[in-house]
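Coordinate analysis (summary)
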Amino acid sequence: MSRATVATIHLGALRRNLARVRELARGAKVMAVVKADGYGHGLERVARALSDADAFGVAAIGDGLRLRAAGISNRIVVLSGPDEPADLAEFRRLQLDAVIHHESQLVWLEADRDSRHLRVWLKLDTGMHRLGFALQRAPEIHARLRALANIDADIALMTHFAASDEFDNDLTARQIACFDATTVNLPGARSLVNSAGVLGWPAARGQWLRVGGLLYGLSVIAGKSGADLGFEPAMTLSAKLISINCIQRGERIGYAASYECPEDMPVGVAAIGYGDGYPRSAPSGTPVLVNGVRAAIAGRVSMDLITIDLRAVPNAKVGDHVVLWGRELPVEEIAACAGTISYDLTCGMTKRVLFVEGGA
Ligand SMILES: *Cc1c(COP(=O)(O)O)cnc(C)c1O
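As a starting point, this report considers the structure included with it. (Residues numbered from 1 in each chain as written. Predicted model: local features only at pLDDT ≥ 70, side-chain atom pairs only at ≥ 80, totals over all residues. Heavy atoms only, no water.)

Going through the model one piece at a time under the given rule, you end up with 24 salt bridges. Note that Glu103 and Arg137 form a salt bridge whose closest N and O atoms lie 2.7 Å from each other. Residue Glu103 is found in helix α6 (residues 103-111), and its partner Arg137 is found in the loop between β7 (133-134) and α7 (138-146); the two are separated by 34 residues along the sequence. Since its relative accessible area comes to 25%, Glu103 is described here as partly exposed. (Salt bridge = Lys/Arg side-chain N within 4 Å of Asp/Glu carboxyl O. Helix = DSSP H or I, 4+ residues; strand = E, 2+ residues; numbered from the N terminus. Buried < 20%, exposed > 50% of the residue type's maximum accessible area, 1.4 Å probe, protein only.)

Listed below in structure tokens is the structure:
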């Protein structure tokens, strides 16, 4: 029997979140970003639930292969394009769209005599300085792509924001302005915004949104949960109490003896730890729900176990249900305690966690 450490994925929430993004999209197309195994929710599972998406965005060609093997026929965009010349044949065979962001990829395309059709997106760097051609090269690169017979003439133009989650940061306004000015004479659909951009920079929505976090009910806006923004968490992480002990006042709990009991108190042990992907950096005081009641971690998170101050839940017993995050306990709150963002937590679930699908 495996441990009862379970990630429940709410398929209905995924679907409703996509419908909500569509309302905000005002007719723009929606690329559902499913990289990192659907932000940890399961690539194929998420793609099936979001079959209405106009395209899926993945980080690597292997994810495109997995989606095609699962029978997914939507458009699939590989956000970092080919990593080597041999990838191009796979892009064509699997009908994956390739984002072209670097001169080396353009050189591979120019040398490629394969007559099978390939769709490309041209990525421009407007200030993030990660992937993308320098903006002033846009007309030249675009012309070189247009000159290739084996590439679809419809070339989408994209860029990525560095700080769109800060709604008052004018870096995003500058990124939008220079993108618009440099591409004004180039044909093709525009794609600028991610989740935070959809919320904070609606005028930049262009023809294609690239949305990940919001589809999973996740927020990167400081101080706001996905639910605060009108989205539903798609993952509930839960475990069970496997021990409860009464520990005396002044005794210390766990590794490094970091937590000292302020009084005689019940301390529960739940079967989850950093070996499951629960963050080791979550300090004492990080909330958990025991039978739906808020309690708090007491002492260090260990590999397989956490220890919980059960003073708020005196009737708790072995076998009771513990929620680490989900609808009643925003993952953003846990992320803030652990010094990270919600995406990092849901992406971090390990193979040991049992994934189950919840319809609603
Ligand atoms: C991950 C990613 C997105 C989606 O970002 P979210 O914040 O999850 O919406 C969009 N575009 C690119 C290029 C990405 O890498």
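Before going further, it helps to examine the site of the ligand. The environment of the ligand is formed by Val33, Lys35, Tyr39, Lys123, His160, Asn194, Ser195, Arg210, Val211, Gly212, Gly213 and Tyr343. Lys35 places a polar side-chain atom, nitrogen or oxygen, 2.6 Å from an oxygen atom of the ligand. Here an oxygen atom of the ligand sits 2.5 Å away from a polar atom, N or O, in the side chain of Tyr39. Protein chains bury 91% of the 390 Å² of accessible surface belonging to the ligand in isolation. Going through the elements one at a time, α2 (35-39) and β10 (208-211) are the ones with two or more residues in the shell around the ligand. Along the lines of polarity and charge, the residues of the shell around the ligand split into four nonpolar, five polar and three charged. (Near = heavy atom within 4 Å. Polar contact = N/O pair within 3.5 Å; in protein donor to acceptor, adjacent residues only side chain to side chain. Areas by Shrake-Rupley, 256 points an atom, 1.4 Å probe, with all protein chains shown as cover. Nonpolar A, V, L, I, M, F, W, Y, C, P; charged D, E, K, R; others polar.)

On to the pairing of strand β15 (residues 287-290), then. Here β15 shows two buried faces, one formed by Pro287 and Leu289 and the other by Val288 and Val290. Pairing of β15 with strand β16 (residues 293-297), which is carried by four bridges, proceeds in the antiparallel orientation. Within β16, the position partnered with Pro287 by the bridge is Ala296. Between β15 and β16, which pair antiparallel one after the other, the connecting turn spans two residues, and Asn291 there sits at a positive phi close to 50 degrees. (Pairing = 2+ DSSP bridges.)

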